[in-house]
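Here is how the chains run, residue by residue.
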Amino acid sequence: MQIFIDTADVREIREAAALGVLDGVTTNPTLVAAVGRPMREVLSEICEIVPGPVSGEVLATTYEGMLAEALELAKIAPNIVVKIPLIRDGLRVVKVLTSEGIKTNVTLCFSPIQAMLAAKAGATYISPFVGRLDDVGHEGMDVVAQIVEIYNNYAFETQVLVASVRSPTHVLQALRMGADVATIPLKVIDQLIKHPLTDVGLARFIADAAKIPKAT
Ligand code: G3P
């Protein structure tokens, strides 16, 4: 499974890239607003840091508006993936972008049926938002399991990108379900690394190492 980081903060992206486990980046309008920088400027910098796929989202919601923005975003760098919301005109835009060879990430997916439509339109990635489903009392990861099943049944090539990840449990479940990608905030990436027994074990090794006699 590929690991993407879900942020527009270049400091966080550099930190995650330095770990050697980062395959790509996803952003959204909320994340870009949080860093207070123009969309094009920040995406351009991210594409220089990470050679893998970097998702940047359109802000328009009309067919013409989304298509025009998508074509501009795609010019930023060869590794840009255009994020399109899962709405009627969004599916139309995905179809056109796919035929032009532009990669797409269909976002704001909350059901397996929506995911099926995105795959038929030719999306490169589908982003089910698992944390937000959990927030309203649904099992977000059940939706991912159903998408993986449907995509396998019909050999859809769209990659399942688990988004709105809130915990290491989401990541473990995504791995076990065979999701293609999880996009993870830096805080959760840090949680993946940590284990209390690792900390206890290391503290004991350090304490014992101090007792090793020095060579004379
Ligand atoms: O980037 C899309 C998604 O990962 C957003 O997550 O935490 O705002 O639900 P969240």
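The rules we used
Residues numbered from 1 in each chain as written. Predicted model: local features only at pLDDT ≥ 70, side-chain atom pairs only at ≥ 80, totals over all residues. Heavy atoms only, no water. Helix = DSSP H or I, 4+ residues; strand = E, 2+ residues; numbered from the N terminus. Contact = heavy atoms within 4.5 Å. Areas by Shrake-Rupley, 256 points an atom, 1.4 Å probe, with all protein chains shown as cover. Lys, Arg positive; Asp, Glu negative; His and termini not counted. Charge placed at Lys NZ, Arg CZ, Asp CG, Glu CD. Core = buried A, V, L, I, M, F, W, Y, C linked by side-chain atoms within 4.5 Å. Buried < 20%, exposed > 50% of the residue type's maximum accessible area, 1.4 Å probe, protein only. Axes fitted to C-alpha atoms, helices over the stretch in contact; angles between N-to-C directions. Parallel < 35°, antiparallel > 145°, perpendicular 65-115°, else oblique. Left-handed = near helix turned anticlockwise from the far one by under 90°. Nonpolar A, V, L, I, M, F, W, Y, C, P; charged D, E, K, R; others polar. Near = heavy atom within 4 Å. Polar contact = N/O pair within 3.5 Å; in protein donor to acceptor, adjacent residues only side chain to side chain.

Enquirer: Is there a simple way to explain the overall build of the chain in this structure?
Expert: Assigned secondary structure in the chain consists of 11 helices and eight strands. Contacts in the chain between residues at least 24 apart in sequence constitute 55% of all its contacts with a sequence separation of at least 6. Surface accessibility of the chain: about 11300 Å² in total, with carbon and sulfur atoms responsible for 57%. Between the centroid of the 19 positive side chains of the chain and the centroid of its 24 negative side chains there is a distance of 3 Å.

Enquirer: How should the nonpolar core be read in this particular structure?
Expert: Formed by 62 residues in total, the largest nonpolar core has its most connected members in Val82, Ile84, Ile126 and Val162. Once residues lying within four places of it in the same chain are set aside, the contact partners of Val162 are Pro128, Val130, Met141, Val144, Ala174, Ala179, Val181, Ala182 and Thr183. Listed in part, the seven residues of the second largest apolar core include Phe4, Leu161, Ala163 and Val181.

Enquirer: Please explain the packing of helix α6 (residues 112-121) against helix α8 (residues 140-154) as it appears in this structure.
Expert: A packed helix pair is summarised by two numbers, namely the angle formed by the two axes and the spacing between the axes. It is at 9 Å that the axes of α6 and α8 come closest, and there the two elements cross at 40°. Between α6 and α8, the angle falls in the class oblique. Read as a crossing pair, α6 and α8 show a hand that is right-handed. Together, Pro112, Ala115, Met116 and Ala119 of α6 and Val143, Gln146, Ile147, Ile150 and Tyr151 of α8 make up the contact between the two elements. A breakdown of the residues in the contact of α6 with α8 according to their chemical character gives eight nonpolar, one polar and no charged.

Enquirer: Can you help me understand the site of the ligand in this one?
Expert: Lining the immediate surroundings of the ligand are Asp6, Asn28, Lys83, Phe129, Arg132, Ala163, Ser164 and Arg166. In the environment of the ligand, an oxygen atom lies 3.3 Å from a nitrogen or oxygen atom belonging to the side chain of Lys83. Between Ser164 and the ligand, the recorded distance is 2.7 Å, taken from a side-chain N or O atom to an oxygen atom. In isolation the ligand exposes 310 Å². Once the protein is present, 83% of that is buried.

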